[in-house]
Amino acid sequence: MEKEDLKVLNKGEEEEMELQGFRLCPWRLALVGVGVLCTGGFLLLLLYWMPEWCVKSTCIPTSACDAEVVLLRSTDEFRRWFLAKVRVMLAPGSNPFHSLDTQTTSPPSPPSPSMANGDTRPPQELIRRYVDYQPTAIRYFTLHSTKYYWNERVQNFEDLTGLEDLNVSCAALHSEHSRGLTRNQQEYRKLFFGVNEIEVKVPSVFKLLIKEVLNPFYIFQLFSVILWSADEYYYYAVAIVIMSLLSIATSLYAINKQYVMLHDMVAAHSTVRVSVCRANNEIVEVLSSDLVPGDVMVIPSNGTIMPCDAVLVSGTCIVNESMLTGESVPVTKTNLPNQSPGESGDEAESAYSTEEHKRHTLFCGTNVIQTRFYTGELVKAVVVRTGFSTAKGQLVRSILYPKPTDFKLYRDAYLFLLCLVGVAGIGFVYSIVLSVMNKVPAKTIIIESLDIITITVPPALPAAMTAGIVYAQRRLKRIGIFCISPQRINICGQINLVCFDKTGTLTEDGLDLWGVQRVENGGFQQSEEKAYKENLVKSQFVACMATCHSLTKIEGQLSGDPLDLKMFEATGWILEEATEEETSLHNRIMPTVVRPPKQLLPPQPVLPEQDLSFCSVLSPFQELYDLPSQYEIGIVRQFPFSSALQRMSVVARLLGEKRMDAYMKGAPELVARHCKTDTVPDTFAEVLEGYTKQGFRVIALAHRRLESKLTWHKVQNISRDHIETNMDFLGLIIMQNKLKTETAEVLQDLHRANIRTVMVTGDNMLTAISVARDCGMIPPQDAVIIAEATAPHDGQTARITWRYADSPSMATSLEEVNISLEDVCHIDEPKEQERYHFAMNGKSFSVISEHFPDLLQKLVLHGTVFARMAPDQKTQLVEALQDVEYFVGMCGDGANDCGALKRAHGGISLSELEASVASPFTSKTPNISCVPSLIREGRAALVTSFCVFKFMALYSIIQYISVTLLYSILSNLGDFQFLFIDIAIILFLVFTMSLNPAWKELVARPPPSGLISAPLLLSVLSQILLNFGFQIFAFFWVKQQPWYSVWTPHVDACNVTSPTNMSDLNGTEVDDHNIKNYENTSLFYVSCFQYLIVSIVFSKGRPFREPSYKNWPFVLTALTLYVFLLTIMFYPAKAIDDFLEIVCVPMDWKLKLLLLVLVNAAACVVVETFIIDIVLWKVVFSRDKQGITPAAPPSQKSIDVSADRCLQCPSKVAPKARYMHLAQALSVDPDWPPKPTTTTEAKPRPQNGSSYQMVSSS
């Protein structure tokens, strides 16, 4: 593509693509048509496989705005090509968000409130007004279920997502988009956004068949079958056809089943009837498929399955989002923040985003369990996305159009196949030259030379390669691990680093209340075991515990976040929610009410004539405020917990009080920041550090008495920034989060296997470090260095302050340290290795990623604890680890880890759901014991793939050698000999040698990652040379036998009476293909035994698989074949000899062949087992030990020692992975790790130096 003609689609996004426009060229089309006819349709197939060639051979380049066809190429590492046809749509205008008044007769303008809500004039006036308008031609194309429209303003194609395209603020959503659309506006937008449905079309069997048959492999099969039929190898051709048909049928069944399952999953509740508000305040019922962005949907009180993504503008919903997150705990969704007239609020003015405002967004496919009711004011949501643009639609798209699996094994396999094709090319030329020299007919020359190619590339290779993966998938299913991406099983065999979420993964889901520590008069009180006390019942501390949560009652049972549940249960209070009937008695929202049990309240005189229910607070009779009442608190408004803000708050009112109270809970550091300084104890940091070091989870509480001018209506529209400020610090809740019993043992197993472990959590930093020490992720003797980064502000550059978590005063000397990028390139004497781990929070991680990108790679090399990490930061961490060439596993509970689980090489979700769309692997076992099991099965599947590939390569080469040698005497293998070898020997061996289960424990040595490595290549080449040598020896040795002569049907070596008679009959009645002869029989026996020998030699067991002798199907198959071959060799049966077209040979030659086979077997075993596996692996492995993953001991110790070794002879050592280079460089850097009390400052990057400098801190 010419650079000036390139357009970039989805810039900066995951699906970024380069685009170039083309238009059809008649003369090129005609030339291609002629080429298709001349090549018998093969050119058409080639163009089908290669979209780039197809477009460039039939079209000429043009500008994107005039294109008839667009050629696209992904900008990721795969660089895939796509083509799409540009279509034209006629519409009343060019922008779906503009009013029809602004279209076609006036230039585009920003949408106004009237435009956004549609024109309210009657249809007759619209028809009369637009009768003279000319429709606008809109150019678009569709790719991967997404439509891209031409935008004249930006001169590029763009996809329409929904209301977010307008960059609309939260306040504007309320003021401009909450009144609904007219019917005309809805129809107009539907032209652009299409029908609101996630349509998964189940292709017809015929379409699937055509697509499957056009696979290059099956085309090659078809070519082979035609060739064999032309050579009268009918039986073998029929056998291959039957095998191919079975393979195609199995594949079609599996693909069709996946499509049907996905279709059924998506189709469930996909089209329902919904109530929609029109611009004239009319409520109409429509099908959900007619919804468009901007429609205002009424959420029914009894709940519904959401048919689109919509943002709540009034009311509250309780939603189950397990379909998206795998987390079954219901979440509370509140209405989008809005500001009252005359007020300003940062949150209300910020642009709406489904990610940032997900606590206010109802996502497609999630289940709305119930709503909080209004009278006269419905629970409404503005539709923001429809169809494939929704959250559910994006998930379905990722399943329908997955990224290719990039793995070294598959790349190497293609290279190896190309090598086999090269070998076939040599045989092709050899057979032609030989045939011409022997004056063979042209037809025979063509058939036999092409036959060489079909022999060299084994037809059963794809099926054989997937056998190990299929068996591993079945074994995983038996232990409760479900897989939706089988190709990733092999990749899991290479995992050398695993990231773990903390809560619910390493530790128990449930939290126990260890105690509380209240603050009074600016100082901490003694810690108390429980809050269920009479003297605390009316304290603000307990009131905050009882109100500041998102709990709700579902079918009479309290439901919500486990932490909230534990905290509320510790108070002993009672929560009540209004029924629909009670709500209808009042003209405002009925709040949730909490109150203590009667036994905790002091006795009070009760006035029976007074209405004491909390409903009085909200009744029109304000005088009831002044009457005595029982102790009840109503929750008036919730600001839900936000991962980004790390806090939640509520506005509540005590019964009988005119002023409201605000309560807040969250991360102690952040809560303290929002409190008055004089209310936060001076010992706050020390007390918090003391608890977190012991591994407790600490929650801080705060309270504020709100101004009396804040009425109920104002509170509903006020921003949380106005509430969460100037608060009084109340104290700390200390929660105990116990380690799961399996955690420490599993992490120890991973460390023994040199697999690094990393903790990625949303919890407090010191709590995470404490848990990491408790579970063995960080041993007691290792130092933990905390990196605290601050972004640039007030003219200061970004900086990182380094401190040691346990003893900050470890180094008392203050010194200036300059780190240069040149320093790490000098090979110096290795320093004494320190054992250290880095820890940082999400904020520091973001600052370092942005301002210290070259330092980030050094930090992740020894980074063990990443705390307060937001979901997107977890994904960025996985990417950073992959950038230094780790194979990363991720284990989480599926709630906040979806992105990281998808991005990791092997993501495993601990969920009760059988299959989660958020993760390639899902475990029904709710602990991390599934991680070693997955890695063991991955290693077994990977080694099986190597074994099978090596065996199939040897099989094709051995057969190639046999055929090439027989070609030299104008002979070949017989039809049934081919059939016996390929069916009875190869297929049975391949599918049984893949059955070895995984070895019972993880070993420190990882399996090789690719075929192009010295040990594997030497293994294959040595076996090729050995078997080639023995076949050549047999071929020429048979000719040296005293009884040897050209075989004829009437005289052979078994019944010859005299040399004269045999010589007289030479040359008579020779079969057409010259199959029956002594060379053929000798090579047939030798090659059959060679197939068995290499299958046993390559079927490796320990340390990654169980030994082959425990694989009884394989042992039985091999023994049966050995017995059969020896039987037909020493005790020939005429029927079998005739069937296999073998001839009788003398007993002494049979004994010589047996001796030859035994020597061959011994040589193969010695070379493979002793030379390759023991000697060579020891040499290579000792050289590559530097590559052992730097992890917690023993893993970290391994890299430290290995770095020492490799530095002693740097000229001979070349680490492969990037993290190995870093480890080697850092091991000789005297200024690494950073000293405590030093600060790293960002600075403009010079030409030859670092982008940072270390200076001492005061």
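Look up a bit, the structure's there.
The notes below deal with the structure included here. (Residues numbered from 1 in each chain as written. Predicted model: local features only at pLDDT ≥ 70, side-chain atom pairs only at ≥ 80, totals over all residues. Heavy atoms only, no water.)

## A look at the overall build of the protein
Assigned secondary structure in the protein consists of 42 helices and 42 strands. Looking at the protein residue by residue over its 1258 residues, the buried ones come to 54%. On the protein, roughly 54,600 Å² of surface is accessible, and the fraction owed to carbon and sulfur atoms is 57%. (Helix = DSSP H or I, 4+ residues; strand = E, 2+ residues; numbered from the N terminus. Buried < 20%, exposed > 50% of the residue type's maximum accessible area, 1.4 Å probe, protein only. Areas by Shrake-Rupley, 256 points an atom, 1.4 Å probe, with all protein chains shown as cover.)

## Quick word on the sheet that holds strand S17 (residues 361-362)
Spatially, 6 strands are ordered S11-S10-S12-S19-S14-S17 in an open sheet, and the strand pairing comes out antiparallel. The sheet is open, and its two edges are formed by strand S11 (283-287) and S17, each paired on a single side. Relative to strand S19 (residues 380-385), strand S14 (residues 309-314) runs antiparallel, the two being bridged by 5 bridges. Residue pairing in the sheet places Leu 312 in a bridge with Ala 381 of S19. (Pairing = 2+ DSSP bridges.)

## Notes on the pattern of salt bridges
Note that side chains of opposite charge can pair when their charged atoms are close. Considering all chains together, one arrives at 25 salt bridges under this definition. Among the ionic pairs, Asp 661 bridges to Arg 705, the shortest N-O distance being 3.2 Å. On the criterion of sequence distance, the pair formed by Asp 661 in strand S30 (residues 661-666) and Arg 705 in strand S31 (residues 696-705) is long-range, its members being 44 residues apart. A salt bridge links Lys 950 to Glu 1168, with the nearest nitrogen and oxygen atoms 3.7 Å apart. With Lys 950 in helix H33 (residues 930-967) and Glu 1168 in helix H40 (residues 1147-1184), the pair connects residues that are 218 residues apart, well separated along the chain. The exposure class of Lys 950 is buried, given its relative accessible area of 5%. The exposure class assigned to Glu 1168 is buried, which follows from its relative accessible area of 0%. Connected through shared salt-bridge partners, Glu 576, Arg 595 and Glu 632 make up one network. (Salt bridge = Lys/Arg side-chain N within 4 Å of Asp/Glu carboxyl O.)

## Looking at a nonpolar patch on the surface
Where nonpolar side chains cluster on the molecular surface, the patch consists of Val 1165, Val 1166, Phe 1170 and Ile 1171 and spans about 340 Å² of accessible area. Looking at the secondary structure, you find Phe 1170 in helix H40. A relative accessible area of 47% means that Phe 1170 is categorised as partly exposed. (Patch = residues over 30% accessible without salt bridge, like charges linked within 9 Å, V, L, I, M, F, W, Y side chains within 5 Å.)

## Examining helix H3 (residues 51-58)
Structural remark: α-helix, 3.6 residues per turn; residues separated by three or four positions point the same way. Listed in full, the buried residues belonging to H3 are Pro 51, Glu 52, Val 55 and Thr 58. Down the axis of H3, the smallest arc covering the buried residues is 160°, so these residues share one side. (Arc of directions from axis to C-beta.)

## Quick notes on the environment of Ser 1108
Within the secondary structure, Ser 1108 is located in the loop between helix H37 (1078-1098) and helix H38 (1112-1130). A relative accessible area of 15% places Ser 1108 in the buried class. Along the chain, Ser 1108 and Ser 994 lie 114 residues apart, while their C-alpha atoms are 9.8 Å from each other. A distance of 3.4 Å separates a polar atom in the side chain of Ser 1108 from a polar atom in the side chain of Asn 996. (Polar contact = N/O pair within 3.5 Å; in protein donor to acceptor, adjacent residues only side chain to side chain.)

## Some details on the pairing of S30
Burial analysis of S30 places 6 of its 6 residues in the buried class, the great majority of the element. Here S30 shows no split at all, with Asp 661, Tyr 663 and Lys 665 on one side and Ala 662, Met 664 and Gly 666 on the other all buried. Of the strand pairs in this sheet, strand S29 (residues 647-654) and S30 are connected by 6 bridges, and their pairing is antiparallel. Pairing of Val 651 across the sheet is with Ala 662, part of S30. Two elements, S30 and S31, share 6 bridges in a ladder whose sense is antiparallel. Residue Asp 661 lies in a different strand from S31, and its bridge partner there is Arg 705.

## Re the pairing of S14
Burial analysis of S14 places 6 of its 6 residues in the buried class, the great majority of the element. Where S14 and S17 come together, 2 bridges link them in antiparallel fashion. Opposite Ala 310, over in S17, you have Leu 362 as the bridge partner.

## Topic: the packing of helix H1 (residues 26-38) against H3
As a packed pair, H1 and H3 sit with axes 7 Å apart at the nearest point and diverge in direction by 120°. Classified by the interaxial angle, the pair formed by H1 and H3 is oblique. From H1, Arg 28, Leu 29 and Val 32 reach across to H3, where they touch Lys 56, Ser 57 and Thr 58. Considered class by class, the residues forming the contact of H1 with H3 number 2 nonpolar, 2 polar and 2 charged. (Axes fitted to C-alpha atoms, helices over the stretch in contact; angles between N-to-C directions. Parallel < 35°, antiparallel > 145°, perpendicular 65-115°, else oblique. Contact = heavy atoms within 4.5 Å. Nonpolar A, V, L, I, M, F, W, Y, C, P; charged D, E, K, R; others polar.)

## Here we look at the sheet that holds strand S8 (residues 146-151)
Read from one edge to the other, the open sheet built from 4 strands follows the order S6-S7-S8-S9, with strand pairing classed as antiparallel. Strands at the two margins of the open sheet, each flanked by one partner only, are strand S6 (87-91) and strand S9 (156-159). Across the sheet, the mean angle separating the axes of adjacent strands is 40° when strand polarity is ignored. Pairing geometry for strand S7 (residues 136-143) and S8, over 4 bridges, is antiparallel. Its bridge partner being in S8, Phe 141 is matched across the sheet by Tyr 148. Most of the contacts of helix H7 (residues 183-193) go to S6, to which it runs at about 175°, and overall it touches S6, S7 and S8.

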